[in-house]
Amino acid sequence: MKLNPVPTAFAADKIVALAAAADAILFNDFVTAYQPVVFRWALTFANDSDEADDLTQETFIRAFRKIRQYRGEGTIEGWLYRIVRSVGVEKKRVAIRRRILGRSPLARPEREVYTTDPGARVDSQTITALIHRYYADLPAGQREVFDLVDLQHRTPAEVALMTGRSAGAVRASLFQARSVIRARLLEMYSAKGDIL
C-alpha cells in the first residue's frame, strides 16, 4: 500500500506561494495536509505516540521557519522528511545523554524489581513487542529504511529519493536490518527452546 496523504487540492502553486510569503493561513492548510504523514515518519524516531506528536510539532515549527528556503528542487515530502529526520536524531541524542547521566550510582534504585512473567507463552503481541525493541536498537540508517520500506510500504527507489541515498544502499540497509531482527529473534527463542 502506498501512502499518499497529501490532498490534490494542495498544489505546487500553493507551496510556492507559501514559500514566497510564509503566509500563516496557507501554512495552516499545509500542516493539515501533511500532518498524518509527518506524524507517521516521526513514529520512526519516537518511543511512543506522545513523543511522535512532539516531533511532529517541532517539525512544522522548523518547516515554517525554513519555508522560504524551499526552492522546489525535489519533492516537498523529501524536504519535510529531512526535517523530521533532523528533529528525530537531535531528540535521540538528548535522550542518550540523559540515559548516560541516569547510569550514575546516585540515579539507580536501591534494589532491582522482578517484573517479568516467566509463565507467559510467545504470542503475536510478544513478537511484535520484541521486533519493536530490536528495531529501536538498530542503527539510525537501518531503522529509517526498515520503517519506510517494511512498515510504510514504500519502495526502495522511493526511499532513496526521500533520503538522498542510492537505491542499492537502501536495499543493503534493509537487508541488514531484517537480518539483525531475524537473528535476534531466532537467538532468543532457540536459547529458550521455544519454537516461533
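One can find the structure itself at the top, above this paragraph.
Notes on the structure follow.

## Focus: the nonpolar core
Logical step 1: Membership of the largest hydrophobic core comes to 41 residues, with the highest contact counts inside it found for Tyr34, Val38, Trp41, Trp79 and Leu80.
Logical step 2: Put simply, the parts of the chain that give this core at least two residues each are helix H2 (24-45), helix H3 (49-66), helix H4 (76-102), helix H5 (124-137), helix H6 (140-151), helix H7 (156-163) and helix H8 (167-192).
Logical step 3: It is H2 that provides the largest number of residues to this core, a total of nine residues.

## Comments concerning the packing of aromatic side chains
Logical step 1: Here the structure, examined in full by the defined rule, presents four aromatic pairs.
Logical step 2: Ring geometry for phenylalanine 30 versus phenylalanine 60: centroids 6.4 Å apart, planes at 90°, classification edge-to-face. Placement of phenylalanine 30 in helix H2 and of phenylalanine 60 in helix H3 is noted, with a sequence separation of 30 residues between them. Here phenylalanine 30 matches phenylalanine 60 in class, with each residue buried.
Logical step 3: When the ring of tyrosine 135 is compared with that of phenylalanine 146, the centres are 5.7 Å apart and the planes differ by 45°; the resulting orientation is tilted. One end of the pair, tyrosine 135, is in helix H5; the other, phenylalanine 146, is in helix H6, and eleven residues separate them in sequence. Of the two residues, tyrosine 135 and phenylalanine 146, both sit in the buried class.
Logical step 4: One aromatic cluster is present, built from ring pairs that chain together Phe30, Tyr34 and Phe60.

## Section: the pattern of salt bridges
Logical step 1: If you walk through the whole model with that rule in mind, you get seven salt bridges.
Logical step 2: Between glutamate 144 and arginine 85 there is a salt bridge whose closest N-O contact spans 3.2 Å. Remark: arginine 85 occurs in helix H4 and glutamate 144 occurs in helix H6; sequence separation between them is 59 residues.
Logical step 3: According to the relative accessible area criterion, glutamate 144 is buried, its value standing at 2%.
Logical step 4: Among the ionic pairs, arginine 178 bridges to aspartate 150, the shortest N-O distance being 2.4 Å. With arginine 178 in helix H8 and aspartate 150 in helix H6, the pair connects residues that are 28 residues apart, well separated along the chain.
Logical step 5: Note on arginine 178: relative accessible area 34%, which makes it partly exposed.
Logical step 6: Where salt bridges share partners, they join Glu58, Arg62 and Glu90 into one cluster.

## Focus on H6
Logical step 1: The terminal C-alpha atoms of H6 lie 15 Å apart, and with twelve residues this matches the ideal 16 Å at 1.5 Å per residue to within 8%.
Logical step 2: The complete set of buried residues in H6 reads Gln142, Arg143, Glu144, Val145, Phe146, Asp147, Leu148 and Val149.
Logical step 3: Following H6 by one or two positions, histidine 153 has its phi on the positive side, about 60°.

## So, unusual backbone geometry
Apart from glycine, the bulk of residues carry a negative phi angle, and the bulk of peptide bonds sit in the trans form.
Logical step 1: Unusually for a residue other than glycine, histidine 153 sits at a positive phi of about 60°.
Logical step 2: Structurally, histidine 153 is set in the loop between H6 and H7.

Reading guide: rules and limits
- Residues numbered from 1 in each chain as written.
- Predicted model: local features only at pLDDT ≥ 70, side-chain atom pairs only at ≥ 80, totals over all residues.
- Heavy atoms only, no water.
- Core = buried A, V, L, I, M, F, W, Y, C linked by side-chain atoms within 4.5 Å.
- Buried < 20%, exposed > 50% of the residue type's maximum accessible area, 1.4 Å probe, protein only.
- Helix = DSSP H or I, 4+ residues; strand = E, 2+ residues; numbered from the N terminus.
- Phe/Tyr/Trp six-rings, centres within 6.5 Å; stacked < 30°, edge-to-face > 60°.
- Salt bridge = Lys/Arg side-chain N within 4 Å of Asp/Glu carboxyl O.
- Expected span 1.5 Å × (residues − 1).

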